[in-house]
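Residue-level listing of the chains:
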Amino acid sequence: FNIRENSFASFQVSPEVTTILEPEITITDASISTEMWLWNFGDGNISPSNNPQSHSYADTGTYTIKLLTNNKYNCKDSTTQTVRIELPFMLYIPNTFSPNEDGVNDTFLAQGDGILKFSMMIYDRWGNMIFFTDDITKGWDGKANSGKEVAQIDTYIYVIIGTDLKKHEHTYRGTINMIK
C-alpha cells in the first residue's frame, strides 16, 4: 500500500494592481511536491518554468494567471490569481494658447488618461471666473462672459480638478498665457 503525495499549486503575485507604465508583475512560485509547471498568464503567453519570476503585460485589462502543476505520480493541481493593469492618471496642461482662429492652438484644452471626473475654471487677474467646464473635451476658446466677448491678451489663472479611476481627487493651479 503506497501513499502518493499530491501536487499542490500555489503562487503569489505582486502587485495585484498596477498601471501600464509599470506593467511588470512579480510571480513567486510556492507549489509543493511538483515536478511540472505550466503557467498561463492570461494574455496568450505561457511558460513551463518552475519559477517565471515576472511577466510584463502589453495592454491594460484584467488578467487571470493560471498555474497547472503535476508531480511524478501524475497528481495534478491548479490555481489562479487575477491581476489588473490600469491606465495611469495623467494630465497634460499647456501654458500658452492663441485664440486667433488660425486653426492652431485656438483652444486651451487639458488632455489626459485615467480621468473619471474633470472640471476646469479660468479666472482673470482680478479673481473673476470667466470660464467653467466639467467636460475635458471642451476647452476655453478665449472668450469671457459666456462667450460674448473676446478676453484681452493676458495671463490667466486656471484651476483644474481631476478625479482618477480610484476616485482620488487631483487639483492643479497655474497660469495660462493668451497670445494672438
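Note that this is a predicted model, so its numbers are computed, not measured. Sequence order as written defines the numbering, with residues in each chain counted from 1. Per-residue local features are limited, in this predicted model, to residues with pLDDT of at least 70; the limit for side-chain atom pairs, both in listing and counting, is 80 or more; totals at the level of whole chains, interfaces and linings are taken over all residues. To get the side-chain values, all heavy atoms of the structure are used, and hydrogens and water are removed first.

Student: Hey, could you run me through unusual backbone geometry in this one?
Tutor: Residues other than glycine predominantly adopt negative phi, and peptide bonds predominantly adopt the trans conformation. Here the residue pair Ser-14 and Pro-15 is connected by a cis peptide bond, since its omega of -10° sits within 30 degrees of zero. As for its placement among the helices and strands, Pro-15 is situated in the loop between β1 (11-14) and β2 (17-19). Positive phi values are uncommon outside glycine, yet Gln-53 reaches one of about 65°. Relative to the assigned elements, Gln-53 resides in the loop between β5 (46-47) and β6 (54-56). Despite not being glycine, Glu-101 shows a phi value in the positive range, around 60°. Mapped onto the fold, Glu-101 is located in the loop between β10 (96-97) and β11 (111-113). Helix and strand assignments come from DSSP, with helices taken as H or I runs of at least 4 residues and strands as E runs of at least 2, each series counted from the N terminus.

Student: Sorry, what's going on with the layout of surface pockets here?
Tutor: Once rolled over the atoms, a probe with the size of a water molecule shows which space is left empty. In this structure, the largest pocket spans a volume of roughly 170 Å³. Space inside and on the surface of the protein is sampled on a 1 Å grid over the protein atoms alone, with a cavity defined as a set of points where a 1.4 Å probe fits but cannot get out and a pocket as an open set with protein on both sides within 12 Å along at least 5 of 7 lines; lining residues have an atom within 4 Å of a point. If you go around the largest pocket, the residues you meet are Asp-124, Arg-125, Trp-126, Ile-130, Ala-144, Asn-145, Glu-149, Val-150, Ala-151, Gln-152, Asp-154 and Tyr-156. For the lining of the largest pocket, the elements supplying multiple residues, two or more each, are β15 (149-150) and β16 (154-164). Grid points are joined across faces, edges and corners, and a volume is the space filled by probe spheres set on the points.

Student: What should I look at first to understand the side chain of Asp-106 in this one?
Tutor: With respect to the secondary-structure elements, Asp-106 resides in the loop between β10 and β11. It is Lys-180 that comes nearest to the buried, bridge-free Asp-106 among opposite-charge side chains, at 8.8 Å. For this analysis, a polar contact is any N or O atom pair within 3.5 Å, provided that within protein one partner can donate a hydrogen and the other can accept it, and provided that sequence-adjacent residues contribute only side-chain to side-chain pairs. Within the structure, Asp-106 has its side chain in polar contact with the backbone nitrogen of Asn-100 (distance 3.4 Å). At a separation of 3.2 Å, a polar atom in the side chain of Asp-106 contacts the main-chain amide nitrogen of Glu-101. For each residue, the accessible area found with a 1.4 Å probe, counting protein chains only, is set against the maximum for its type, and the residue is called buried under 20%, exposed over 50%, and partly exposed in between. Note on charges: Lys and Arg go in the positive column, Asp and Glu in the negative column, and His and the chain ends are not counted at all. The salt bridge criterion pairs a side-chain nitrogen of Lys or Arg with a carboxyl oxygen of Asp or Glu, the two atoms within 4 Å.

Student: Looking at this structure, how should I read the side chain of Thr-163?
Tutor: Along the polypeptide, Thr-163 turns up in strand β16. When its relative accessible area of 10% is taken as the criterion, Thr-163 is described as buried. Throughout, a contact is declared for two residues whenever any of their heavy atoms are within 4.5 Å. The residues touching Thr-163, leaving out its near neighbours within four places in the chain, are Phe-89, Gly-114, Ile-115, Leu-116, Lys-117, His-168 and Glu-169.

Student: When you look at the pattern of salt bridges in this model, what are you seeing that I'm missing?
Tutor: Where charged atoms from two side chains of opposite charge come close, those side chains can pair. Per the counting criterion, the structure on display carries 3 salt bridges. The partner of Arg-125 in a salt bridge is Asp-154, and the shortest N-O contact between them spans 2.5 Å. With Arg-125 in the loop between β12 (115-123) and β13 (129-133) and Asp-154 in strand β16, the pair connects residues that are 29 residues apart, well separated along the chain. Between Asp-135 and Lys-138 there is a salt bridge; the shortest N-O distance is 3.6 Å.

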